[in-house]
Amino acid sequence: MQLAVEISLYPLKDDYLSVIKWFIQRLDQYPEVRRLTNGMSTQLLGDYDTVMALLATEMKAAHEQWGKGVFVCKFIPGGVNLDHSE
């Protein structure tokens, strides 16, 4: 089954942009998961188990590396067309 996730990271640091960029670069280590990023969030699309494992690994890594930060996620089982622009 496919899974689409919209995720936003809100680092509790003054230099929040470097933390967000670091996190996005880590997401790019998973070529089997499609990533789209805009000014407000990042969307991921891929196999359900792969995406969930990726999130567990990378969210934990972010907290270990940077300390406190808030993740806000939306999950859509079955996936969604990430190219939809309407």
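Because the structure is predicted, anything quoted here is derived from the model rather than measured. (Residues numbered from 1 in each chain as written. Predicted model: local features only at pLDDT ≥ 70, side-chain atom pairs only at ≥ 80, totals over all residues. Heavy atoms only, no water.)

**Side note on helix H1 (residues 16-27)**
Because each turn of an α-helix spans 3.6 residues, side chains separated by three or four positions end up pointing in the same direction. For clarity, the threshold we go by: Secondary structure elements are taken from DSSP: a helix is a run of H or I of four residues or more, a strand is a run of E of two residues or more, and numbering for both begins at the N terminus. Here the expected length of a helix is defined as 1.5 Å per residue gap, with one fewer gap than residues. Type-normalised accessible area, obtained with a 1.4 Å probe on protein chains alone, sets the label of each residue: buried when under 20%, exposed when over 50%, and partly exposed for intermediate values. In this description, contact between two residues means that some pair of their heavy atoms is separated by no more than 4.5 Å.
The end-to-end C-alpha distance of H1, which contains 12 residues, comes to 17 Å, matching closely the 16 Å that a straight helix rising 1.5 Å per residue would cover. Turning to H1, its buried residues number three or more, namely Val-19, Trp-22, Phe-23, Ile-24 and Leu-27. For H1, the elements touching its buried residues are strand S1 (2-11), strand S2 (34-37), strand S3 (42-47), helix H2 (48-66) and strand S4 (69-77).

**Focus: the side chain of Thr-42**
As a reminder of what qualifies: Polar contact is defined as a pair of N or O atoms within 3.5 Å, subject to the rule that within protein one atom must be able to donate a hydrogen and the other to accept it, and that residues adjacent in sequence are counted only when both atoms are side-chain atoms.
The topology assignment puts Thr-42 in strand S3. Assessed through its relative accessible area of 6%, Thr-42 is described here as buried. Within the structure, the side chain of Thr-42 is placed 3.0 Å from the side chain of Thr-37, a separation counted as a polar contact. Not counting the four nearest positions on each side in its chain, Thr-42 is found in contact with Val-5, Glu-6, Ile-7, Ile-24, Leu-27, Arg-35, Leu-36 and Thr-37.

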